[in-house]
Amino acid sequence: MSGPGQRNRNNRQVLVCLSSSTSNAKVIHAAAKIADAFQGTLIALFVETPAYALVSDDDKKRLRSNMNLAEKLGARLDIVNGEDVPYQIAEYARLSDISCVVIGQTNTVGGLFRKKKSLTDRLVAYAPDLDYFIIPDYGTKVFFAKKAQSGNNRDILRNCVIFLAALGLCTLVGLLFSNLGFTDANIIMVYLLGLLVVSIFTTHRAFSLVWAVTSVLLFDLLFTTPRFTFYAYGTGYPVTFVVMFAAAFIISTLAIRLKQNASQSAKAAQRMGVVLETDRQLAKAKTRDEIFSVLAGQLSQLLKRSLVIYPSDGETLQNPSFYPTADDTVPYRADKEQEAVEWAFRQHKRAGATTETYPQTDYLYYSLRVQERVYGVVGVAVHGSPLDASEQSVLASVVGECSLALENAQNAKEKEESILLAENERLRANLLRAVSHDLRTPLTSILGNADNLITSSDTLDNTTRNQIYQDIYDDAQWLKGMVENLLSASRMNEGKLNLNITTELVDDLIGEAVRHLGKRLDAFDFRWNRPDQLLFVKADARLIVQVVLNLLDNAMKYAPPGSRIWINTCRENGEVHVSVEDNGPGIPDDQKPLIFDLFYTGGNPTGDSRRGLGVGLALCQSILKAHDGRIWVSDRDPQGVRFEFALPEEEVNAHE
Amino acid sequence: MNKPLILIVEDDPPIRNLISVALEAHDYRHISAANAGNAIMEATSHNPDIVLLDLGLPDLDGVKVIQKIRSWSNMPIIVISARSDDSDKIEALDAGADDYLTKPFSVDELLARLRVTIRRLNQSQMDNADQTVFVNGPLRIDYAAGCASLNGEELHLTPIEYRLLTLLARNCGKVLTHNYITQQVWGTSWENNVASLRVFMATLRKKLEPVPDSPAFLQTHVGIGYRMVRTDS
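Residues numbered from 1 in each chain as written. Chains lettered and ligands numbered in written order. Predicted model: local features only at pLDDT ≥ 70, side-chain atom pairs only at ≥ 80, totals over all residues. Heavy atoms only, no water.

Draft legend 1. Broad picture of the confidence of the model for chain A. Residues and elements named next belong to chain A. Confidence in the prediction for chain A averages 79 pLDDT; 87% of positions are at 70 or higher. Of all helices and strands in chain A, the one with the weakest mean pLDDT is strand β3 (residues 76-81) (76), whereas strand β17 (residues 641-648) scores best (94). Scored below 50 in pLDDT, residues 1-9 makes 13 contacts in the model with residues more than four places away or belonging to other chains. Under a pLDDT of 50 for its full length, residues 108-115 has, in the predicted model, 8 contacts with residues more than four places off or in other chains. (pLDDT = per-residue confidence, 0-100. Helix = DSSP H or I, 4+ residues; strand = E, 2+ residues; numbered from the N terminus. Contact = heavy atoms within 4.5 Å.)

Draft legend 2. Structural context of a nonpolar patch on the surface. Residues Leu193(A), Leu196(A), Val197(A), Ile200(A) and Phe201(A) make up a contiguous nonpolar surface patch of roughly 450 Å² in combined accessible area. Position of Leu196(A) among the secondary structure elements: in helix α6 (residues 184-201). (Patch = residues over 30% accessible without salt bridge, like charges linked within 9 Å, V, L, I, M, F, W, Y side chains within 5 Å. Areas by Shrake-Rupley, 256 points an atom, 1.4 Å probe, with all protein chains shown as cover. Salt bridge = Lys/Arg side-chain N within 4 Å of Asp/Glu carboxyl O.)

Draft legend 3. Highlighting the interface of chain A and chain B. Contacts between the two partners involve 25 residues from chain A, matched on the other side by 28 residues from chain B. Interface area, chain A with chain B, both sides summed: about 2,300 Å², of which 50% is carbon and sulfur. Counting across the chain A and chain B interface gives 4 salt bridges. For Asp108(B), the salt bridge goes to Lys519(A), with nearest N and O atoms at 2.6 Å. At the surface where chain A touches chain B, the tally comes to 6 residue pairs in polar contact (both at pLDDT 80 or more). Elements with a minimum of two residues in the side of chain A that touches chain B: α13 (462-493), β11 (501-505), α14 (506-517), β13 (536-540) and α15 (541-558) of chain A. (Buried area = accessible area lost by both parts, 1.4 Å probe. Polar contact = N/O pair within 3.5 Å; in protein donor to acceptor, adjacent residues only side chain to side chain.)

Draft legend 4. Representation of the sheet that holds β3(A). All names here are of chain A. Ordered by their spatial adjacency, 5 strands build an open sheet running β3-β2-β1-β4-β5, and the pairing between neighbours is parallel. At either margin of the open sheet sits one strand with a lone partner, and together these are β3 and β5 (131-136). Averaged over all pairs of adjacent strands, the angle between their axes in this sheet comes to 25°, without regard to strand direction. Looking at chain direction, strand β1 (residues 13-17) and strand β2 (residues 41-48) are connected through 5 bridges and run parallel. The partner of valine 16 across the bridge, within β2, is alanine 44. Across the sheet, helix α1 (residues 24-38) is in contact with β1, β2, β4 (100-105) and β5; its angle to β1 comes to roughly 180°. Contacting β1, β2 and β3, helix α3 (residues 85-95) crosses the sheet at an angle of about 145° to β2. (Pairing = 2+ DSSP bridges. Axes fitted to C-alpha atoms, helices over the stretch in contact; angles between N-to-C directions.)

Draft legend 5. Helix α2 (residues 57-72) of chain A, seen in detail. Residue and element names in this part refer to chain A. Its 16 residues give α2 an end-to-end C-alpha distance of 22 Å, which sits within 8% of 22 Å, the value for a rise of 1.5 Å per residue. Listing the buried residues of α2 in full gives Asp59, Leu63, Arg64, Asn66, Met67, Asn68, Leu69 and Ala70. Just past α2, the residue glycine 74 takes up positive phi, approximately 90°. (Expected span 1.5 Å × (residues − 1). Buried < 20%, exposed > 50% of the residue type's maximum accessible area, 1.4 Å probe, protein only.)

Draft legend 6. Representation of the packing of helix α6 (residues 159-170) of chain B against helix α7 (residues 178-185) of chain B within the structure. Residues and elements named next belong to chain B. Closest axis-to-axis distance for the α6/α7 pair is 10 Å, and the angle between their directions is 125°. With respect to α7, the element α6 is oriented oblique. Handedness of the crossing formed by α6 with α7: right-handed. Here Ile160, Arg163, Leu164 and Leu167 of α6 lie close against α7, whose contacting residues are Tyr180, Ile181, Gln184 and Val185. For the contact of α6 with α7, the residue count by class is 6 nonpolar, 1 polar and 1 charged. (Parallel < 35°, antiparallel > 145°, perpendicular 65-115°, else oblique. Left-handed = near helix turned anticlockwise from the far one by under 90°. Nonpolar A, V, L, I, M, F, W, Y, C, P; charged D, E, K, R; others polar.)

Here's what the structure looks like:
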């Protein structure tokens, strides 16, 4: 089912054909040695023919053990469907770029319609360019030579009813024709028609053959003179019997093959349908959990068996999810299965029931992996009835598709994280650049002023000295605010996942910012309108406090002392909105789109370049982005500016 | 109580100097130590009233110093932390520290913390050891009767609110971490409980604080915990 991939030409690929024959193991071992000698990869191929459905359980078991052996020896298993085994092998070899085929020399039991040539001969005829290694394989039987009795009692009963009904009907029609004086040929045609019907509607060839004999005998008995004896006068009649018998045999053979082909192609179509549907659903699934549920849905539809899925973060297995079928009453025993699951996880191979690793378990486990990355383990209930080869093959395809989807999802997630990281990294790098450049100014002022005080304190008059004290204090205050922004930025840089997210009361966060500003707010007419209800957000408390702090700081910087500053909180459409307003000069419209840019300082009328470093609002925006929130600016009527940010509201159910 | 004696434990000379100058200017007596070894020695020999402890000491982790002092004394400890990260403050508070200051701090902030602590010391000297009634300004809690009143009017508290109030009152002046409070009240400290704690603290505060903008009894320490303070009245 799985298509041949791109192969490195230097790497020789050795194909070994699997069968249920007892000596197939010998062939597999030989192939493994050859692959080893070539340092090539070994591919084990099984061609599933329509006749495979009829082979005995013993044969199926042997085939399974041969598959396990091949897998153990490092082979990649593949299964193709088709009637013509050598043709399928040749096609597979051509498409998969196989250079060398190892095959057992089998004594093909040719059917009536098969060429008497051996499988090897025909394979060579189809693909003469390949290297062949033929391993002598005496006294074995090929699985399609042996056909088990199929059908249960109910089937046989149904077949008998069809048979008898058809026989009765044909005989009645025959009698009618005979009475009407139609020729015998017409009656023979009726029996032949009956033969066709019986061949198609019964499940076993025996009915067709019995029909041939019975119809000839009935014809002889009822319609040839002398009637009601088995003796026929006409010289042509023995020929009629022979022709009738031969026709019965051929028709029944064809009918049975037709039915097998039909059922096989129906099965193949169903399997293909499942794989296509899986692809379609996977294209829609975005998250890991969605992919797992597609996997579970598709596999339970396909296999009608209980499933268990262990997701993994790449390092360890997480708690499993169960998908039991309605009629599965056997409880899942995690302790019994644990080792097989672990093995499948660590070794990236199949394990559990029907394999050689931990066969005592109830489930068969496949690892969901792409190369060395394992995304989980899926287990399929076996409970004593093993999966057949085609089920295993389509299971492997679905598992493979899901693994790829999981890898894509993982890659997308990593990409998203790295983008966020890169954005934070950019902010940090810009901040560092700004800091190294702009922290010098206040430091120079502090140093110089302190120096003045130390060396020439006595010569300075009181007013000058007080001015110097105030300058030092202001510059230090500015540096303090700057350092706090830098610390917040460095916390942001650690990534969204490292934020210390807790459920916080919005009032507490605003209160903390207000408390932090302390006496500086006294110069303004500050009003805080608290809401009546308790509003909670999920946030990193320090960072949101920093946002409020920066907004208040901004208001105090740009609005003259004595201005009014408001803080309002409200709930709107599942969000908590916090606004900081002032009735200062406001911000011109042309500057509004720029103010959240890093280093934008606005046309500061005082010309004091370090009033605003243009860091605060950029940081606010990064912080809100990291919290799935947003921040924006608008005019305040009649004058002033209004900054507002929104965070998703968090419901809190207090429990006593 | 006469002039309280304060032990300054700080390895950085300018900061030690700054604190000394500020304390002298406000009439506190002080001694100082530059490392943990000296600090423990000074604490044992002089038995100071308050310890100002820098967490980043060269010879021993500040939290270890708290544990050592706590093994024999209940003297108030105010830790000074240079990191903006809250975890070291929480660790120090859980180890038995009473309060914290984050660098850079202003002299005002330092003095305010000292005043709060001294008020608490004075109060506990006046209180009887096995008091059954707690009084803090207009707030009165009768532990024996299991009820609380504000300005003589009984407060209608839910059982959880009452437990929270008594827990804070019994540790009046100390910053209690979220973890400690939820452990004491619910027995566990799940994130869910911390969220619940915020709800109960908010409702408790509404019943207790006449002016919500300036909390009188209950202080919120974002990211750290809560504290009940002594009121002046």
